[in-house]
Amino acid sequence: MAVNAKTMDVNSLYDLSSTVIMSYFHLYERELRSLPENILFDLYFKLYEEKRICLLGWELIDLNVFARMLKVTHKRTQLLQCFQTLMDHGTNISKELSTAYAHKCMCSQMCPSLLESTIDLGLRLGGFLSDAGWFKDSEAVLFHCRDLCLSAPETPSSLRRTLECYHKLFHVQAAFCLFPEAAKTYQDINKLIQTLRKMNELPNLAALYKEFSIHFFLRSEYDEAHKWSAEALRELVPGLPASVIVDVLRQLSKTCVIKRQFKKAEVLIRQAIRMANEIYEPSHYKLADVLLDYGYFLLNFDGISHCVKVITRALEIKKAIYRRKNIYVAAALEDLAYALYVYEYSTGRFKRAREYAEDSISILEALLPPNHLLLSTAKRVKALILEEIALDNQSNTLVDSLLPDAEELHITALESSIKALGDNNVQTAKHYGNLGRLYQSMKKYKEAEEMQLVAIGIKEQILGKDDYEVGLSLGHLASLYNYHTFQYHKAEELYLRSIEIGLKLYGETYSGLEYDYKGLVHCYKELDDVEKMAHYTFILNQWKVLRGQLSMQENRTDLEETGPLQPLPDLINYYFKD
């Protein structure tokens with residue numbers, strides 16, 4: 001007890017001293033900058049807590065001061081909070097620091113003794129701006145840092161530092177969907193890897209291979225994404241930072257989801273969550289990232305109730321750090337909007353989903369160019385929601401206003417996808433399919449069939465005939481034939497294919513089976529096939545019982561993922577044992 005009391009006294013004295021200094025900050029401003037980084041950081045954070053934002057901005061907009069704050073790595077979350085508050089306050093600190101760094105690089109070229117410290121600052125600042133969500137300024141910093149790296153004499157040490165800069169630059173370009181620029185950086189990275197390999201100076205590449213996987217995942221090139229995430233896992237060895245291991249596991253889990261390797265995906269993401277809970281504080285932005293990837297697994301593995309809880313928690317963490325006007329908050333809002341859209345699909349209660357989607361779009365429109373790919377995905381989610389609201393509403397006026405709005409959003413998303421990813425791409429195919437469903441709702445049946453056939457053709461060519469995405473489109477086209485163009489035999493064939501894919505991938509409790517079973521019952525009723533109608537009515541009722549049992553189990557699921565960590569070698573052996 002005595003030790004605790006003493007600790008409390010010391011903390012109280014430190015807080016009291018900080019409060020007194022804050023009262024006379026202007027008098028001691030110059031002297032305070034000579035304090036150690038940790039203490040100075042605490043004083044600046046006190047300015048943030050006291051909402052003295054103008055004074056905080058005046059201090060942190062100085063590149064030399066901000067460089068010192070970047071060294072206080074264990075308080076990264078607090079620095080992100082301060083930074084975003086300054087951005088919200090109208091202090092364009094991101095651009096100011098980027099510009100100041102460019103000027104510093106020019107000075108360093110004339111003074112070689114400053115080269116190493118300026119490169120180190122560029123790596124820190126570029127990485128921070130990326131974590132803060134201000135990608136264009138991060139890219140600008142890292143471009144200047146790269147040029148400095150390339151101007152340095154070629155030694156193993158300088159080449160490894162150049163690779164680190166390329167690594168950070170590649171991450172920013174991929175995350176911001178700058179795919180042509182990322183492709184160029186990818187080529188430069190591979191050339192540098194070959195050079196270092198010949199020199200026997202190659203560092204561990206787990207984190208870099210993970211970035212390769214993310215890049216190809218965002219481009220919907222899933223085979224390449226899966227290959228590189230598996231290579232990243234091979235690179236994991238004891239002694240690597242735990243944060244690198246967590247990032248590799250969660251990215252590999254995402255690519256396993258896409259490849260429909262759900263058991264492996266579950267093992268990997270649960271291990272990532274357990275590690276993240278050990279190494280990050282509950283309010284850390286990296287923990288939120290892991291939770292979003294866990295939500296992605298749950299969404300695709302039919303655990304939608306739990307998915308909504310997980311993404312909600314991730315959004316709360318993001319908002320606490322980044323407030324509102326930030327690309328990471330917008331992305332989490334979009335994820336939650338889509339999860340709620342799926343969760344409430346059978347109830348028609350889309351109010352919250354629509355609000356989250358519109359909030360996401362509002363943020364992104366303020367931050368991005370009009371046709372940016374990230375904005376188009378949020379518009380796609382809103383369009384899906386508007387369509388369902390229109391269909392569930394009996395007001396012709398509302399239907400007539402919402403469906404054209406949804407069409408405009410879908411067309412914008414399709415055009416952005418074609419421009420960024422090309423026509424022969426899974427994401428582009430999804431947009432064709434979405435338009436097909438909308439045209440069905442708008443009673444434009446010919447256009448609806450054309451869009452669905454295009455979507456199916458692209459998906460089958462890229463993913464094969466038995467993929468989940470193919471099954472989804474088959475079910476949508478079957479619905480068109482069944483309920484609107486009355487081609488019941490065609491609908492029957494498509495429903496049976498969709499059911500076969502759903503059972504193969506997810507088993508007999510898969511939620512999507514409901515619509516296929518109901519569709520078949522309707523088909524056989526219209527075809528006057530009483531025996532088959534009775535058969536699938538029985539199967540549908542069995543499905544409802546199983547779903548009810550699964551729902552009760554989901555509601556008992558604890559949000560916190562606990563349990564022992566699996567040793568890394570055992571985890572790697574498990575993944576590659578097949």
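Residues numbered from 1 in each chain as written. Predicted model: local features only at pLDDT ≥ 70, side-chain atom pairs only at ≥ 80, totals over all residues. Heavy atoms only, no water.

- An unreviewed UniProt entry annotates the protein as Amyloid protein-binding protein 2-like of Thrips palmi.

**A look at the packing of helix α24 (residues 468-483) against helix α25 (residues 488-506)**
And step 1. Axis separation between α24 and α25 bottoms out at 8 Å; the angle between their running directions is 155°. On the basis of the axis angle, α24 is roughly antiparallel to α25. As α24 runs across α25, the sense of the crossing is left-handed. Two secondary-structure elements touch here, α24 through Tyr468, Val470, Gly471, Leu474, Gly475, Leu477, Ala478, Ser479, Tyr481, Asn482 and Tyr483 and α25 through Tyr488, Lys490, Ala491, Leu494, Tyr495, Arg497, Ser498, Ile501, Leu505 and Tyr506.
And step 2. Classifying every residue of the contact of α24 with α25 by side-chain character gives 14 nonpolar, five polar and two charged. (Axes fitted to C-alpha atoms, helices over the stretch in contact; angles between N-to-C directions. Helix = DSSP H or I, 4+ residues; strand = E, 2+ residues; numbered from the N terminus. Parallel < 35°, antiparallel > 145°, perpendicular 65-115°, else oblique. Left-handed = near helix turned anticlockwise from the far one by under 90°. Contact = heavy atoms within 4.5 Å. Nonpolar A, V, L, I, M, F, W, Y, C, P; charged D, E, K, R; others polar.)

**What about the pattern of salt bridges?**
And step 1. Following the criterion strictly, the structure yields 38 salt bridges and no others.
And step 2. Between Glu37 and Arg68 there is a salt bridge, with its nearest N and O atoms 3.2 Å apart. Separated by 31 residues along the polypeptide, Glu37 in helix α3 (residues 37-49) and Arg68 in helix α5 (residues 63-70) bring together distant segments of the chain.
And step 3. Residue Arg68 is classed as buried on the basis of its relative accessible area of 19%.
And step 4. With a shortest N-O distance of 3.2 Å, Asp120 and Arg124 are connected by a salt bridge. Highlighted residues: Asp120 and Arg124, both in helix α8 (residues 115-132), separated by four residues, approximately one helical turn.
And step 5. The exposure class of Asp120 is partly exposed, given its relative accessible area of 35%.
And step 6. One network of salt bridges, in which partners are shared, links Asp247, Arg250, Lys254, Lys286 and Asp293. (Salt bridge = Lys/Arg side-chain N within 4 Å of Asp/Glu carboxyl O. Buried < 20%, exposed > 50% of the residue type's maximum accessible area, 1.4 Å probe, protein only.)

**Details of the side chain of Lys459**
And step 1. Residue placement: Lys459 occurs in helix α23 (residues 445-463).
And step 2. On the accessibility criterion, Lys459 (3% relative accessible area) is buried.
And step 3. Side chain to side chain, Lys459 and Glu469 meet in a polar contact 2.8 Å long.
And step 4. Discounting residues that sit within four places of it in the chain, Lys459 has contacts with Ala429, Lys430, Gly464, Glu469, Val470 and Ser473. (Polar contact = N/O pair within 3.5 Å; in protein donor to acceptor, adjacent residues only side chain to side chain.)

**A word on a nonpolar patch on the surface**
And step 1. Among the surface-exposed residues, Leu13, Leu16 and Val20 lie close enough to one another that they form a single nonpolar patch of about 290 Å² accessible area.
And step 2. Position of Val20 among the secondary structure elements: in helix α1 (residues 2-23).
And step 3. A residue is classified by how much of its surface remains accessible, and Val20, at 43% relative accessible area, is partly exposed. (Patch = residues over 30% accessible without salt bridge, like charges linked within 9 Å, V, L, I, M, F, W, Y side chains within 5 Å. Areas by Shrake-Rupley, 256 points an atom, 1.4 Å probe, with all protein chains shown as cover.)

**Observations regarding the packing of α25 against helix α26 (residues 513-526)**
And step 1. Packing of α25 against α26 leaves a shortest axis separation of 9 Å and a crossing angle of 155°. By the angle between their axes, α25 is roughly antiparallel relative to α26. For the pair α25 and α26, the sense of crossing is left-handed. Residues Tyr488, Ala491, Glu492, Tyr495, Leu496, Ser498, Ile499 and Leu503 of α25 form the contact with α26, whose own contacting residues are Leu513, Tyr515, Asp516, Tyr517, Gly519, Leu520, His522, Cys523, Tyr524 and Glu526.
And step 2. Residue classes in the contact of α25 with α26 are distributed as twelve nonpolar, three polar and three charged.

**Here we look at helix α16 (residues 285-300)**
An α-helical segment advances 3.6 residues per turn. Residues three or four places apart therefore align on the same side.
And step 1. In this model α16 runs 23 Å from its N-terminal to its C-terminal C-alpha over 16 residues, within 8% of the 22 Å that 1.5 Å per residue would give.
And step 2. Within α16, 14 of the 16 residues are buried, which leaves the element mostly enclosed by the surrounding structure.
And step 3. Backbone geometry just after α16 places Asp302 at a positive phi near 70°. (Expected span 1.5 Å × (residues − 1).)

**A look at the packing of aromatic side chains**
And step 1. Taken as a whole and assessed by the stated rule, the structure comprises 30 aromatic pairs.
And step 2. A ring pair is formed by Phe83 and Phe128, whose centres lie 5.2 Å apart and whose planes are at 80°; its orientation type is edge-to-face. Remark: Phe128 occurs in helix α8 and Phe83 occurs in helix α6 (residues 76-88); sequence separation between them is 45 residues. Of the two residues examined, Phe83 and Phe128, each falls in the buried class.
And step 3. With centroids separated by 5.9 Å and ring planes inclined at 85°, the aromatic side chains of Phe135 and Tyr328 adopt a geometry described as edge-to-face. A residue pair is termed long-range when its members are at least 10 positions apart, and Phe135 in helix α9 (residues 135-151) and Tyr328 in helix α18 (residues 327-343) qualify at 193 residues. Judged on exposure class, the residue Phe135 and its partner Tyr328 are both buried.
And step 4. Members of the aromatic cluster, each reached through a chain of ring pairs, are Phe262, Tyr294, Phe297, Phe301, Tyr468, Tyr506 and Tyr510.
And step 5. The side chain of Arg219 reaches across the aromatic face of Phe179, ending 5.4 Å from its centre.
And step 6. Lys254 extends its terminal NZ or CZ atom over the ring of Tyr296, reaching a point 5.2 Å from the ring centre. (Phe/Tyr/Trp six-rings, centres within 6.5 Å; stacked < 30°, edge-to-face > 60°. Lys NZ or Arg CZ within 6 Å of the ring centre and 35° of its normal.)

**Notes on the side chain of Glu407**
And step 1. Among the structural elements, Glu407 can be located in helix α21 (residues 396-421).
And step 2. Among the residues examined, Glu407 registers a relative accessible area of 17% and is labelled buried.
And step 3. Excluding its chain neighbours within four sequence positions, the residues that come into contact with Glu407 are Leu435, Leu438, Tyr439, Met442 and Lys444.

**Quick look at the state of the cysteines**
And step 1. Applying the stated rule across the entire model yields zero disulfides.
And step 2. Counting only cysteine sulfurs, Cys145 is the nearest neighbor of Cys105, a cysteine outside any disulfide, at a range of 6.9 Å.
And step 3. The thiol of Cys256 is unpaired, and the distance to the nearest cysteine sulfur, on Cys307, comes to 18 Å. (Disulfide = S-S within 2.5 Å.)

**Re the domain arrangement of the protein**
A common way to state how big an interface is: give the accessible area lost once the parts meet.
And step 1. Assigned domains within the protein: domain 1 (13-194), domain 2 (204-322) and domain 3 (323-412).
And step 2. Look at where the C-alpha atoms of domain 1 and domain 2 centre, and you get two points 26 Å apart.
And step 3. Both sides of the domain 1 and domain 2 interface together cover about 1,700 Å² of buried area, and 69% of this is carbon and sulfur.
And step 4. A per-residue breakdown of the area domain 1 buries against domain 2 is headed by His167, Phe179 and Tyr186, which together make up 30% of the total.
And step 5. Taken together, domain 1 and domain 2 are joined by zero salt bridges.
And step 6. At the surface where domain 1 touches domain 2, the tally comes to four residue pairs in polar contact (both at pLDDT 80 or more).
And step 7. For the side of domain 1 that touches domain 2, the secondary structure elements donating two or more residues are α6, α8, α10 (156-175) and α11 (179-198).
And step 8. Of the residues contributing to the side of domain 1 that touches domain 2, the split by class is eleven nonpolar, six polar and two charged. (Domains from an automatic or database assignment. Buried area = accessible area lost by both parts, 1.4 Å probe.)

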